[in-house]
Amino acid sequence: MKPFAVVLALVLTVPGAAQSSRHPAEDIFAAAVNERGLQQLVRDLVALGPRMGGTPSGDEAAEFRRAYFQKVGLQASVIDDPAVLAHWESAWQLAIAPGGRLESAWPMGYSPSVPAQSAGRIVFVKDLAAAQAAPDWAGAVIYTPGAIGRAYQAIAKRPHRPLALVTSAPHQIGKYMDVSRLSSLAAREDNPIAAFTVSYLDGETLRAAAERGLSVEVALVSNLRRAPVKTTVATITGADPAKYWLVCAHGDSDSGGPGADDNASGEATVMEIARVLTQLADTGDFKPRHSIKFVIWGSEYHSARAWIEREGQALSNLQGVLNFDETGTGAEREAIYFESNDVPWNKTLLGTLAQVGADYVGKPGFWPEYATNPSQGGTDSYAFLPKQYRGTDYTQLQIPSTTVYTAAWDKLATLDQTEGWDVPGRPGARKVDIDYSLYYHSSGDTPENTTDREPQNMVRAVKAVGLALLRLTGL
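All figures in this text were calculated on a predicted structure; none of them were measured in a lab. (Residues numbered from 1 in each chain as written. Predicted model: local features only at pLDDT ≥ 70, side-chain atom pairs only at ≥ 80, totals over all residues. Heavy atoms only, no water.)

**Q** Would you mind going over the overall build of the protein chain with me for this structure?
**A** Helices and strands together make up the secondary structure of the protein chain, namely 9 helices and 16 strands. For 475 residues, the compact-globule formula gives about 23 Å, and the C-alpha radius of gyration of the protein chain, at 23 Å, lands near that figure. Per-residue burial for the protein chain yields a buried fraction of 60% across its 475 residues. Within the protein chain, contacts between residues separated by at least 24 positions form 79% of all contacts whose residues are at least 6 apart in sequence. When the accessible surface of the protein chain is summed, it comes to about 18500 Å², and 50% of that surface belongs to carbon and sulfur atoms. Taking the average location of the 43 positive side-chain charges in the protein chain and that of its 52 negative ones, the two points are 2 Å from each other. (Helix = DSSP H or I, 4+ residues; strand = E, 2+ residues; numbered from the N terminus. Rg over C-alpha atoms; globule rule 2.2 N^0.38 Å. Buried < 20%, exposed > 50% of the residue type's maximum accessible area, 1.4 Å probe, protein only. Contact = heavy atoms within 4.5 Å. Areas by Shrake-Rupley, 256 points an atom, 1.4 Å probe, with all protein chains shown as cover. Lys, Arg positive; Asp, Glu negative; His and termini not counted. Charge placed at Lys NZ, Arg CZ, Asp CG, Glu CD.)

**Q** Honestly, the nonpolar core in this entry has me stumped. Any pointers?
**A** Nonpolar side chains tend toward joint burial in soluble globular proteins. Counting residues in each nonpolar core, the largest one holds 63 residues, and the members touching the most others are Phe29, Phe69, Ile273, Leu277, Phe294, Phe324 and Trp367. Looking at this core element by element, the count peaks at 11 residues for helix 9 (residues 456-473). When near neighbours in sequence (up to four residues on either side) are disregarded, tryptophan 367 contacts Ile336, Val356, Gly357, Tyr360, Val361, Gly362, Arg460, Lys463 and Ala464. Core analysis: the second largest hydrophobic core is formed by 20 residues, Ile96, Val141, Ala164 and Leu214 among them. (Core = buried A, V, L, I, M, F, W, Y, C linked by side-chain atoms within 4.5 Å.)

**Q** Sorry, what's going on with the pairing of strand 9 (residues 240-250) here?
**A** Residues in a regular strand project their side chains so that they alternate between the two faces of the sheet. Bridging between strand 9 and strand 10 (residues 290-297) involves 8 bridges; their strand directions are parallel. In the strand pairing of strand 10, leucine 246 is matched with lysine 293. Between strand 9 and its parallel partner strand 10, the chain crosses via helix 6 (residues 260-283), and the hand of that crossover is right-handed. Of the pairings in the sheet, the one linking strand 9 to strand 11 (residues 318-324) comprises 6 bridges and is parallel in character. Residue pairing for strand 11: valine 247 is matched across the bridge by leucine 322. (Pairing = 2+ DSSP bridges. Right-handed = clockwise from strand over helix to strand, strands pointing away.)

**Q** Looking at this model, I keep getting lost on unusual backbone geometry. Mind explaining?
**A** A negative phi angle characterises most non-glycine residues, just as the trans form characterises most peptide bonds. With an omega of 15°, the peptide bond running from aspartate 262 to asparagine 263 counts as cis. Among the structural elements, asparagine 263 can be located in helix 6. In this model, arginine 51 sits at a positive phi of 65°, which is unusual for a non-glycine residue. For arginine 51, a relative accessible area of 1% translates into the label buried.

**Q** Help me understand the packing of helix 6 against helix 9 in this model?
**A** When two helices pack together, their arrangement is given by the angle between the helix axes and by the axis-to-axis distance. Direction vectors running N to C along helix 6 and helix 9 enclose 45°, while the axes themselves pass 9 Å from each other. With respect to their mutual orientation, helix 6 and helix 9 come out oblique. Seen along the crossing, helix 6 lies across helix 9 with a hand that is right-handed. On helix 9, the residues that touch Ser265, Ala268, Thr269, Glu272, Ile273, Leu277 and Leu280 of helix 6 are Met458, Ala461, Val462, Val465, Gly466, Leu469 and Leu470. A breakdown of the residues in the contact of helix 6 with helix 9 according to their chemical character gives 10 nonpolar, 3 polar and 1 charged. (Axes fitted to C-alpha atoms, helices over the stretch in contact; angles between N-to-C directions. Parallel < 35°, antiparallel > 145°, perpendicular 65-115°, else oblique. Left-handed = near helix turned anticlockwise from the far one by under 90°. Nonpolar A, V, L, I, M, F, W, Y, C, P; charged D, E, K, R; others polar.)

**Q** Sorry, what's going on with the environment of alanine 234 here?
**A** With respect to the secondary-structure elements, alanine 234 resides in strand 8 (residues 215-236). Remark: the alpha-carbon pair of alanine 234 and tyrosine 68, spanning 166 residues in sequence, is separated by 9.9 Å. What alanine 234 contacts, discounting residues up to four positions off in sequence, is Phe69, Leu74, Gln75, Ala76, Ile292, Lys293 and Phe294.

**Q** Explain the packing of aromatic side chains to me, please; I cannot follow it from the model alone.
**A** Each aromatic ring pair is specified by the distance between its two centres and by the angle formed by the two planes. Scanning all chains against the criterion turns up 12 aromatic pairs. Seen from their ring centres, tryptophan 297 and tryptophan 307 are 5.8 Å apart, and the 80° between their planes marks the pair as edge-to-face. With tryptophan 297 in strand 10 and tryptophan 307 in helix 7 (residues 302-311), this residue pair connects regions lying 10 residues apart in the sequence. Judged by its relative accessible area of 0%, tryptophan 297 falls in the buried class. Residue tryptophan 307 is classed as buried on the basis of its relative accessible area of 6%. Positioned above the aromatic ring of tyrosine 244 is the side chain of lysine 293, whose terminal nitrogen or guanidinium carbon lies 5.5 Å from the ring centre. (Phe/Tyr/Trp six-rings, centres within 6.5 Å; stacked < 30°, edge-to-face > 60°. Lys NZ or Arg CZ within 6 Å of the ring centre and 35° of its normal.)

**Q** What exactly am I supposed to notice about the environment of phenylalanine 294 here?
**A** Along the chain, the position of phenylalanine 294 falls in strand 10. The class for phenylalanine 294 is buried, based on a relative accessible area of 0%.

**Q** I'm lost on the packing of helix 2 (residues 35-48) against helix 6 in this one. Help?
**A** In the contact formed by helix 2 and helix 6, the axes pass within 9 Å of each other and the chain directions differ by 130°. The angle between the axes of helix 2 and helix 6 places the two elements in the oblique class. The two elements helix 2 and helix 6 meet at a crossing, and its hand is right-handed. Mapping the contact onto sequence places Leu38, Leu41, Val42, Leu45 and Val46 in helix 2 and Ala260, Ala264, Ser265, Glu267, Ala268, Thr269, Met271 and Glu272 in helix 6. Partitioned by chemical class, the residues of the contact of helix 2 with helix 6 number 9 nonpolar, 2 polar and 2 charged.

**Q** Where do I start with the side chain of serine 180 in this structure?
**A** Tracing the sequence through the fold places serine 180 in the loop between strand 6 (164-168) and strand 7 (194-198). For serine 180, a relative accessible area of 0% corresponds to the buried category. One polar contact links the side chain of serine 180 to the main-chain carbonyl oxygen of threonine 197, over a distance of 3.2 Å. Those residues in contact with serine 180 that lie beyond four places of it in its chain are Ser104, Ala105, Trp106, Thr197, Val198, Ser199, His441, Ser442 and Ser443. (Polar contact = N/O pair within 3.5 Å; in protein donor to acceptor, adjacent residues only side chain to side chain.)

**Q** Quick question: what am I supposed to make of helix 6 here?
**A** Along an α-helix, residues three or four positions apart point the same way, because every turn accommodates 3.6 residues. Taking 1.5 Å of rise per residue, the 24 residues of helix 6 would be expected to cover 34 Å, and the 33 Å separating its terminal C-alpha atoms lies within 8% of that figure. Here helix 6 lies mainly inside the structure; 20 of its 24 residues are buried. Glycine 284 sits one or two residues past helix 6 and shows a positive phi near 85°. (Expected span 1.5 Å × (residues − 1).)

**Q** Just to check I follow, could you spell out the pairing of strand 8 for this structure?
**A** Across 20 bridges, the pairing between strand 1 (residues 75-97) and strand 8 is antiparallel. When the bridges of strand 8 are listed, isoleucine 79 appears paired with threonine 231. The sheet contact formed by strand 4 (residues 114-124) and strand 8 spans 5 bridges and is antiparallel. Residue pairing in the sheet places arginine 121 in a bridge with serine 215 of strand 8. With 5 bridges joining them, strand 8 and strand 10 adopt antiparallel strand pairing. Of the residues in strand 10, the one forming a bridge with isoleucine 236 is isoleucine 292.

Written as structure tokens, this is what we have:
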């Protein structure tokens, strides 16, 4: 059970935003948000597969989103981003003989196929990078609790090549004990050795099996192709149609796993905001000053960069970026976060989000906690920011850009709060705590573990940004 600390609605001076600037349609918007609909969207997206850019499931997901946007009344399209070397796995198995299947096993990206009924004796290697390939490695299944990545290419070049490599999640109580921490090999067509990840407990099972001289049966059907990445775009047209806001999320499970929280939750959040704002626009309750483009990137960073390059000089019409990444869970808190308050030109955008946070904190159906926080990097809003704020320098324009989320990474972070910004509910505090996911980049990132268990997180993200957009661009 997470601590449930309701933060009192304090009278705050929020940088860049005027108090009591409620749009008259805010209550209508908040009441229209559909929690069950958000949950179903996540389930439907996860059922398609990992949805990585350039893969069949990625293409299917792009079409699913386009059809959804059109169903709610928007003109929508799927655009091609530059081609990538895409990978996906159709079927796999790791099974101790005798002993049974290792249920947590998950192939690392860009692993080659392994024919069915292949088997090799288990060899335990504590530190793969420091070990020298021995004759008994030939055709064996090497299990190591350490990293594979740095040692992989060296092992691939040596004689006595193993059948497969297996690594396990670290020993962290409460995390990755029975799910795999997912990873990938280098994006190449010629990786010669299949690699898998397993949970910590399955790793201990492999260690014991190695001591007994047992073998592992291995099978993997792996696929590669070079193909365009599909990004989905839908638009509400504003009174000044050329100027626009981006409401976006990456649509791929970039870890190659189920990707419910990361990032079907973000996709569902974008889709629900689009549905409700379209409904309000159709009834005349919302008249946007600027257009709002709802974009679900086919591949994280890759597609955002393609957007920037396609827009060229027209990118100067972009009023701001509201990105969602991991709005489906949280390990220790019940909070919503608005990132990048250290970017000076984010003052109005973050100030408005913070004011929405302050206006609704503790109210039924909203957030018990909220905070703005400094940049951490690692998601698509940073495609629009310079390197000094953990961005990519894809553009030199000063575009307000934020990511909204309820969890980040896989462990609690404590950041120094940006000067001039409060830690709401903690007068005088200069540290802000950022919640995390127990299932970050893992085989356990399923709806059952995240969005079905805590659907209120997506609801809060939809409300926070929807209400902010009413204030930022509503006439």
